[in-house]
Amino acid sequence: MFVMELTYTAPVEAVEEEMDAHIAWLDGHYAAGVFLASGRKVPRDGGVILAGGVSRAEIEKIASEDPFAVAGVCAYRITEFIATKTSADLATVRESPLV
């Protein structure tokens, strides 16, 4: 599983100009079953996406295709983790430790 942390690198007004395209990009990855949750950070200096079911290389490619990234209004920090314990709602993405 991945935590995709976006940090805005441009004023919020520039981010807003890309918002419709960003939402369409999000919707596509939700429909594909890759994105599990997403939203704005507080304070509003970026966002967070939880994703799973793909490789590190795939998630990095997905991040690079975000209209925010293409427009240069955000930078990504991607953290991979093994979700060994989840709520019942996320049981389908639960993983076993590699050890």
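What you are looking at is a predicted structure, and each value in this text was computed from that prediction instead of being measured.

Engineer: Account for the packing of aromatic side chains, with residues named and values stated.
Structural biologist: The way to describe two aromatic rings as a pair is by their centre distance and the angle between their planes. All chains considered together, the criterion is met by 3 aromatic pairs. Between the aromatic rings of Trp-25 and Phe-35, the centroid separation amounts to 5.3 Å while the plane-to-plane angle is 65 degrees, which identifies the pairing as edge-to-face. Placement of the pair is Trp-25 in helix H2 (residues 19-31) and Phe-35 in strand S2 (residues 35-40), with a sequence separation of 10 residues. Neither residue differs from the other here; Trp-25 and Phe-35 are each classed as buried.

Engineer: Pulling in residues and values, what's your account of H2?
Structural biologist: An ideal rise of 1.5 Å per residue puts 18 Å on 13 residues; H2 measures up with 18 Å between its terminal C-alpha atoms. Of the positions making up H2, those classed as buried are Met-19, His-22, Trp-25, Leu-26 and His-29. One side of H2 holds all its buried residues, which, seen down the axis, span an arc of 120 degrees. Turned more than 90 degrees away from the buried face of H2, the exposed residues are Asp-20 and Ala-31.

Engineer: Break down the sheet that holds strand S1 (residues 2-8) for me, with residues and values.
Structural biologist: Think of a sheet as strands paired side by side through backbone hydrogen bonds, with each pair either parallel or antiparallel. Sheet architecture is open: 4 strands sit in the order S2-S3-S1-S4, paired in antiparallel fashion. This sheet does not close on itself; its edge strands, each paired only once, are S2 and strand S4 (74-80). Sheet twist, expressed as the average angle between the axes of neighbouring strands with direction ignored, equals 15 degrees. Here S2 pairs with strand S3 (residues 46-51) via 5 bridges, running antiparallel. Of the residues in S3, the one forming a bridge with Phe-35 is Ala-51. Packing of H2 onto the sheet brings it into contact with S1, S2, S3 and S4, and relative to S2 it is tilted by some 155 degrees. Those strands touched by helix H3 (residues 56-64) are S1, S2, S3 and S4, and its axis lies near 165 degrees from that of S4.

Engineer: So what's going on with the pattern of salt bridges? Which residues, and what values?
Structural biologist: Summed over the entire model, instances satisfying the criterion amount to 7 salt bridges. With a shortest N-O distance of 3.0 Å, Glu-5 and Lys-41 are connected by a salt bridge. A residue pair is termed long-range when its members are at least 10 positions apart, and Glu-5 in strand S1 and Lys-41 in the loop between S2 and S3 qualify at 36 residues. Taken together, the shared-partner salt bridges in this structure form one network comprising Glu-5, Lys-41, Asp-45 and Arg-77.

Criteria and cut-off values
- Residues numbered from 1 in each chain as written.
- Predicted model: local features only at pLDDT ≥ 70, side-chain atom pairs only at ≥ 80, totals over all residues.
- Heavy atoms only, no water.
- Phe/Tyr/Trp six-rings, centres within 6.5 Å; stacked < 30°, edge-to-face > 60°.
- Helix = DSSP H or I, 4+ residues; strand = E, 2+ residues; numbered from the N terminus.
- Buried < 20%, exposed > 50% of the residue type's maximum accessible area, 1.4 Å probe, protein only.
- Expected span 1.5 Å × (residues − 1).
- Arc of directions from axis to C-beta.
- Pairing = 2+ DSSP bridges.
- Axes fitted to C-alpha atoms, helices over the stretch in contact; angles between N-to-C directions.
- Contact = heavy atoms within 4.5 Å.
- Salt bridge = Lys/Arg side-chain N within 4 Å of Asp/Glu carboxyl O.

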